[in-house]
Structures are given as C-alpha cells and as structure tokens.
Amino acid sequence: MNDVDGTQDGRRRPVRSGTRPAESVWDYPRPPKLTDDDRRVTVAVGRRVVADTRASLRVLETSHPPVFYLPRQDVREEFLRPRPGRTHCEWKGTASYWDVVADDVVLPGAAWSYEQPLAPYEALRGRLAFYPSAVRCTVDGEVVVAQEGDFYGGWITPEIEGPFKGGPGTWDW
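Residues numbered from 1 in each chain as written. Predicted model: local features only at pLDDT ≥ 70, side-chain atom pairs only at ≥ 80, totals over all residues. Heavy atoms only, no water.

### Thoughts on the packing of aromatic side chains
Part 1 of the argument: Within this structure, the stated rule accounts for five aromatic pairs.
Part 2 of the argument: Judged by centre distance (6.1 Å) and plane angle (85 degrees), the ring pair of Y69 and W112 falls under edge-to-face. With Y69 in strand β6 (residues 64–71) and W112 in strand β9 (residues 105–113), this residue pair connects regions lying 43 residues apart in the sequence. Considered together, Y69 and W112 belong to a single accessibility category, that of buried residues.
Part 3 of the argument: Ring geometry for W112 versus Y131: centroids 4.5 Å apart, planes at 45 degrees, classification tilted. Here W112 is found in strand β9, whereas its partner Y131 is found in the loop between β10 (127–130) and β11 (136–139), with 19 residues between them in sequence. Each of the two residues, W112 as well as Y131, counts as buried.
Part 4 of the argument: Taken together, the ring pairs connect Y69, W112, Y114 and Y131 into an aromatic cluster. (Phe/Tyr/Trp six-rings, centres within 6.5 Å; stacked < 30°, edge-to-face > 60°. Helix = DSSP H or I, 4+ residues; strand = E, 2+ residues; numbered from the N terminus. Buried < 20%, exposed > 50% of the residue type's maximum accessible area, 1.4 Å probe, protein only.)

In structure tokens, the structure reads:
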C-alpha cells in the first residue's frame, strides 16, 4: 500500500475503515443481484441535501462497484428535472435520466431511474441512482469515490475492493 490513497496501483479509493467486511467486486454475481442497505446515504450539491435515506438498494454486479438506488420519497424531487434520452441495460431495462438542479447549478444527467424495470429487478421501480462523480454522495458519513469512467456509476466505499471495470483499458474484461 502507498501512503497517499491506500492502493498499490495508484487509483483513487477510500482508505479502508475496517468497520465492514471487505467485498471484492469479483465475488459479485452476473446477472446482478439486489441487496438492502440500511446505512445512511446522502446526496448533496453544495450545501443542498438532495437525498437522505436509510433504505437503499444496492445493485451488485461482477467487476463493478455497487450502485445505490434511493427511494424516491427520500429524494427531494424539486432538485430533479427529467432529461431527454434513454439507455438500455440488458438486465434492468430502459433507464431514464435526470438533471440535478440546485440554485444556479445544473448537473446534466446526474441521476437515473428505471421507471419500468425488468424482472427480477422490479424493486428498482420508484428509486433513483446518482453519479458520485457529479454530486457529493456519502455512506454513513464517508464520502463515496466515483468509479472511473462514469459509464456504470459505481460507488466505491471503503469496504469495496477491485480492480474495477470501467476505466481505460478495462472494456474487454
């Protein structure tokens, strides 16, 4: 380990706090699975709290840091604006995107949702996920590190171990 970021490969990751058991993304399944998470999750833009919950669902998929999906009732929808455009996930279905707007700050496509998710991912209906590269995300007070590359939107918390798919040179994994 080096002293700067707790890694050997120089990639930015949270320093392990030791409060939760380590999770290797290579032990996650494919197709992905959903798991409940009762840790406190917050999403903020500047001083504005956009979301605050203890009822997240994590999506765990081989080679990817988890993505936290927050219940819509715990997200302040006045900060969200629907965005044109859709993408399709072979497992979860069609994703809709949202701009996050706080004061004079507009963060295009900083959140997404599955309005009509495919089986067995129906539990994602009524939930939103946020890109930690665009907004400040915390899990139990610890700042989340964004997954490199932004395509997957993974949340790297101290217990999550890689290497992670998504950055340059990893697309053929």
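### Observations concerning unusual backbone geometry
Part 1 of the argument: A cis amide bond links R30 to the next residue, P31, at an omega of 5 degrees.
Part 2 of the argument: Within the fold, P31 resides in the loop between β1 (23–24) and β2 (33–37).
Part 3 of the argument: Residues A119 and P120 are joined by a peptide bond in cis, for which omega reads 5 degrees.
Part 4 of the argument: In the Ramachandran plot, S63 falls in the positive-phi region, its phi being about 75 degrees despite a non-glycine side chain.
Part 5 of the argument: With respect to the helices, strands and loops of the structure, S63 is situated in the loop between β5 (56–61) and β6.
Part 6 of the argument: In this structure, D103 is a non-glycine residue whose phi angle is positive, near 55 degrees.
Part 7 of the argument: Relative to the elements of secondary structure, D103 occurs in the loop between β8 (93–102) and β9.

### Looking at the sheet that holds strand β4 (residues 48–53)
Pairing between the strands of a sheet comes from backbone hydrogen bonds, and it takes one of two forms, parallel or antiparallel.
Part 1 of the argument: Read across the sheet, four strands follow the order β4-β3-β11-β12 without closing on themselves; strand pairing throughout is antiparallel. Strands with a single pairing partner mark the edges of an open sheet, and in this sheet they are β4 and β12 (142–143).
Part 2 of the argument: Looking at chain direction, β11 and β12 are connected through two bridges and run antiparallel. Its bridge partner lying in β12, T138 is registered against V143. (Pairing = 2+ DSSP bridges.)

### Points about the nonpolar core
Part 1 of the argument: Ranked by internal contacts, the top residues of the largest apolar core, which has 23 residues, are V43, V100, F130, V135 and W155.
Part 2 of the argument: For this core, the secondary structure elements donating two or more residues are β3 (41–45), β4, β6, β8, β9, β10 and β11. (Core = buried A, V, L, I, M, F, W, Y, C linked by side-chain atoms within 4.5 Å.)

### Section: the pattern of salt bridges
Any two side chains of opposite charge can pair if their charged atoms end up close together.
Part 1 of the argument: Taken as a whole, this structure holds 14 salt bridges when the rule is applied.
Part 2 of the argument: Note that E159 is salt-bridged to R39, the shortest N-O span being 3.1 Å. Taken as a pair, E159 in the loop between β14 (155–156) and β15 (160–161) and R39 in the loop between β2 and β3 lie far apart in primary sequence, 120 residues in all.
Part 3 of the argument: Ionic pairing is found between D52 and R40, a salt bridge with its closest N-O pair at 2.5 Å. (Salt bridge = Lys/Arg side-chain N within 4 Å of Asp/Glu carboxyl O.)

### Comments concerning the pairing of β8
Part 1 of the argument: For β8, the buried fraction is high: nine of the 10 residues fall into the buried class.
Part 2 of the argument: Pairing of strand β7 (residues 80–89) with β8 involves eight bridges; the strand directions are antiparallel. Considered in β8, the bridge of H88 is made with T94.
Part 3 of the argument: What sits between the antiparallel neighbours β7 and β8 is a turn of three residues.
Part 4 of the argument: Looking at chain direction, β8 and β9 are connected through six bridges and run antiparallel.

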